[in-house]
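Here are the chains, one letter per residue:
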Amino acid sequence: MSRTYRLVVACPDRVGIVAKVSNFLATYNGSITEANHHSDPVTGWFFMRHEICADSLPFDLEGLRTAFAPIAKEFGMEWKITDSAERKRVVLMASSQSHCLVDLLHRWHSGELHCDIPCVIANHEELRGIVEWHGIPYFYVPVDKENKAKSFDRVAQLVSEHDADTIVLARYMQILPPSLCEEYAGRIINIHHSFLPSFVGAKPYHQAYERGVKLIGATCHYVTEELDAGPIIEQDIIRVSHRDSINDMVRLGKDCEKNALARGLRYHLEDRVLVHNNKTVVFS
């Protein structure tokens, strides 16, 4: 994959943004390999993501940031420029269900996910062998119902020690404390079934089966202090019918969870997700 710089911008919409950025890049012979734009008529905001061939520019990443800063100031931009060659460090968290974790490990092992996985943190021991087979450190951090703060202090310590850019809850069945959600805002990704808020609590597929649902699915979103209410990154669905048993629905639902989480993480790793208020613009 050719090395590119990713310019991601969100700002109040006005005439001339695209022209200004394009002329700036053309001035330095910057070759745009991918360009995405979206104007939101409701909020009046404009969103943009460009990939620029790194070798076509006369300066490095910091040089590009310095040169672009005056334009960003002129248009009141929220912006960042990243290097596709720099791999994000993703800490995975899991409980006892393996499907999402194993799927991500396979995609990482095969080179499909361009990132580093410095460790896996889990509150159960069941998945240790699978993780360590991949040569990744596995940390067992049980969550004491009587003293959850101590457990999550250890989680926060491990995340910090491993310089995590992103945390992925691969079916981690514990609620993260507000302090961790705030520190890693926009960098914690979760996956769950898409029955919420209709079928809350244990055995949602059993509840859905009893109601005779015709669609099941999964939602991948960023984690906020409000449970399962963060900005949605990706969703997946599949049709079911009266012919499908509870076991069929669970199996199909797990497929949706794996696919939605993998796509959502890929979009995040490639800086394709722009968060504005509690919504996202995803240039997939």
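Below is a summary of the structure that appears in this document. (Residues numbered from 1 in each chain as written. Predicted model: local features only at pLDDT ≥ 70, side-chain atom pairs only at ≥ 80, totals over all residues. Heavy atoms only, no water.)

1. Structural notes on the packing of aromatic side chains
- All chains considered together, the criterion is met by four aromatic pairs.
- When the centroid spacing of 5.4 Å and the interplanar angle of 65° are considered together, the rings of Phe24 and Tyr28 count as edge-to-face.
- The class of Phe24 is buried, set by a relative accessible area of 9%.
- For the pair Phe24 and Phe68, a centre-to-centre distance of 5.6 Å together with 65° between the ring planes defines the contact as edge-to-face. Within this pair, whereas Phe24 is found in helix H1 (residues 17-27), its partner Phe68 is found in helix H2 (residues 61-75), the two being separated by 44 residues in sequence. Residues Phe24 and Phe68 agree in their burial class; the two are buried. (Phe/Tyr/Trp six-rings, centres within 6.5 Å; stacked < 30°, edge-to-face > 60°. Buried < 20%, exposed > 50% of the residue type's maximum accessible area, 1.4 Å probe, protein only. Helix = DSSP H or I, 4+ residues; strand = E, 2+ residues; numbered from the N terminus.)

2. Observations concerning the layout of surface pockets
- Approximately 810 Å³ is the volume found for the largest pocket.
- What lines the largest pocket is a set of 34 residues, among which Arg171, Met173, His192, His193 and Asp228 lie closest to the centre.
- Taken together, the elements giving at least two residues each to the lining of the largest pocket come down to helix H6 (178-183), strand S10 (188-193), helix H7 (204-211) and helix H8 (246-269).
- If you tally residues by element for the lining of the largest pocket, the top one is S10, at four residues.
- Class assignment for the residues of the lining of the largest pocket results in 18 nonpolar, nine polar and seven charged.
- Of the voids in this model, the second largest pocket is the one considered here, and its volume is about 340 Å³.
- Lining the second largest pocket are 16 residues; nearest its centre among them are Val8, Lys80, Val273, Leu274 and Val275. (1 Å grid on protein atoms, 1.4 Å probe; cavity = no way out; pocket = protein on both sides within 12 Å on 5 of 7 lines; lining within 4 Å. Points joined across faces, edges and corners; volume = space filled by probe spheres on them. Nonpolar A, V, L, I, M, F, W, Y, C, P; charged D, E, K, R; others polar.)

3. Description of the pattern of salt bridges
- Applying the stated criterion across every chain, the model contains 22 salt bridges.
- Two residues, Asp83 and Arg3, come together in a salt bridge whose shortest N-O distance is 2.5 Å. With a gap of 80 residues between them, Asp83 in strand S4 (residues 78-83) and Arg3 in the segment before strand S1 (4-12) connect regions that are remote in the sequence.
- The network of salt bridges with shared partners includes Glu34, Arg49, Glu51, Arg266, Glu270 and Arg272. (Salt bridge = Lys/Arg side-chain N within 4 Å of Asp/Glu carboxyl O.)

4. Things to note about the pairing of strand S9 (residues 166-169)
- Burial of S9 is two-sided: the residues Thr166 and Val168 facing one way and the residues Ile167 and Leu169 facing the other way are all buried.
- Where strand S5 (residues 88-94) meets S9, four bridges bridge the pair, whose relative direction is parallel. Bridging from a neighbouring strand, Met93 pairs with Leu169 of S9.
- Relative to S10, S9 is paired through three bridges, and the arrangement is parallel. The residue of S10 that forms the bridge with Leu169 is Asn190. (Pairing = 2+ DSSP bridges.)

5. Section: the side chain of Asn123
- Its place among the elements puts Asn123 in the loop between strand S7 (120-122) and helix H4 (128-133).
- A residue is classified by how much of its surface remains accessible, and Asn123, at 8% relative accessible area, is buried.
- Side-chain polar atoms of Asn123 contact the side chain of Ser95, separated by 2.8 Å.
- Excluding anything up to four places from it in sequence, Asn123 contacts Ala94, Ser95, Tyr140, Val141, Pro142, Val143, Tyr172 and Gln174. (Polar contact = N/O pair within 3.5 Å; in protein donor to acceptor, adjacent residues only side chain to side chain. Contact = heavy atoms within 4.5 Å.)

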